[in-house]
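Chain by chain, the residues:
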Amino acid sequence: MTLLASGRSPLRIAVLAAATVAIGLTAGCAGGNKAKKDVAYVARDVDTLYMTAKDRLDRGDAKQAAALFDEVERQHPYSPWARRAQLMGAFSYYVARDYAKSVQTAQRFLSIHPGNKDAPYAYYLVALCYYEQISDVTRDQKITQQALTALTEVIRRYPNTQYATDARLKLDLVNDHLAGKEMEVGRFYEKSGKWLAGTLRFRVVIDKYQTTSHTPEALFRLVECYLALGVRDEAQKAAAVLGTNYPGSDWYKRAFKLMNAKGDDITAA
């Protein structure tokens, strides 16, 4: 179940479209052969093979197109078309949602042509592949971390490109997602009475993901945990930060009531 990328946004499509134009990915039309004939090894001149692959991509058969672009590289490894076919193959695998092969092909392109003018596009494509595999916060977040790393790399290497602009938007969502995972684990610990373990998770959200939407709740949960642990001074500090930064929020109102409540019977909300 994908969470952040349930649909391909217009901005993302526009960026990809611009990239395909930039690296000559606009397709021409060619004759239509059967799929098996297309991927079977038949020695063909590079122009015919490449145009057949582009035609397949235009027709919406991205998986077949990817196989044919791979064939361009296999049959004509020293042709200038081979470099272009690598990127086209990576893009075709992405369209077909074969993310593992898309990443593998794009990274191979980067290892062979690190300084190529289309390298920014290859880095961006890798980031998209990880980004679109992000699952809900109840699952392992390895892919989310990979998306974070890849998006950060695009921004670091090419800060003034359209790829970096889109990567920054996605990075905000990725951070919010990772913060959500920390909150889920923290709430579990808190409800289990593991107050100290809970505070550690909530502190991660506040220290590492403070610009996300989860910060107000994380501060409130800290108030709860610190009161449960009997460290009222720390609870007061968390409540003060919450009041200063989110004075009108429901989380602050709840924290205020807790801090002014009589007795020490504090449980997770």
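The structure this text deals with has already been given above.
Summarised in this report is the structure supplied together with it. Values in this document were obtained by computation on a predicted structure and should not be read as measured data.

**Side note on the pattern of salt bridges**
Reasoning step 1: Tallying each qualifying case throughout the model produces 15 salt bridges.
Reasoning step 2: Residues E71 and R74 are paired through a salt bridge, measuring 2.8 Å at the closest nitrogen-oxygen approach. Of this pair, E71 and R74 both sit in helix α4 (residues 62–75), three residues apart, which is roughly one turn of the helix.
Reasoning step 3: The residue E153 makes a salt bridge to R157 at a minimum N-O spacing of 2.6 Å. Taken together, the positions of E153 and R157, both in helix α8 (residues 142–157) and four residues apart, correspond to about one turn of that helix.
Reasoning step 4: Take E153: its relative accessible area is 23%, and that puts it in the partly exposed class.
Reasoning step 5: Bridged by salt links that share partners, the residues R187, E217, R221 and E224 form one connected network.

**Some points on the packing of aromatic side chains**
Reasoning step 1: This model, assessed by the stated rule, comprises ten aromatic pairs.
Reasoning step 2: Geometrically, the ring pair formed by Y50 and F69 is edge-to-face, given 5.4 Å between the ring centres and 65° between the ring planes. Taken together, the residues Y50 in helix α3 (residues 46–58) and F69 in helix α4 connect sequence positions 19 residues apart. Taken individually, Y50 and F69 each receive the classification buried, so the pair is uniform in this respect.
Reasoning step 3: Members of the aromatic cluster, joined through ring pairs, are Y50, F69 and W81.
Reasoning step 4: If you follow R84 out to its NZ or CZ, it ends over the ring of W81, 5.2 Å from the centre.

Cut-offs applied
- Residues numbered from 1 in each chain as written.
- Predicted model: local features only at pLDDT ≥ 70, side-chain atom pairs only at ≥ 80, totals over all residues.
- Heavy atoms only, no water.
- Salt bridge = Lys/Arg side-chain N within 4 Å of Asp/Glu carboxyl O.
- Helix = DSSP H or I, 4+ residues; strand = E, 2+ residues; numbered from the N terminus.
- Buried < 20%, exposed > 50% of the residue type's maximum accessible area, 1.4 Å probe, protein only.
- Phe/Tyr/Trp six-rings, centres within 6.5 Å; stacked < 30°, edge-to-face > 60°.
- Lys NZ or Arg CZ within 6 Å of the ring centre and 35° of its normal.

Honestly, that's just the spatial picture; any functional story needs more than this.
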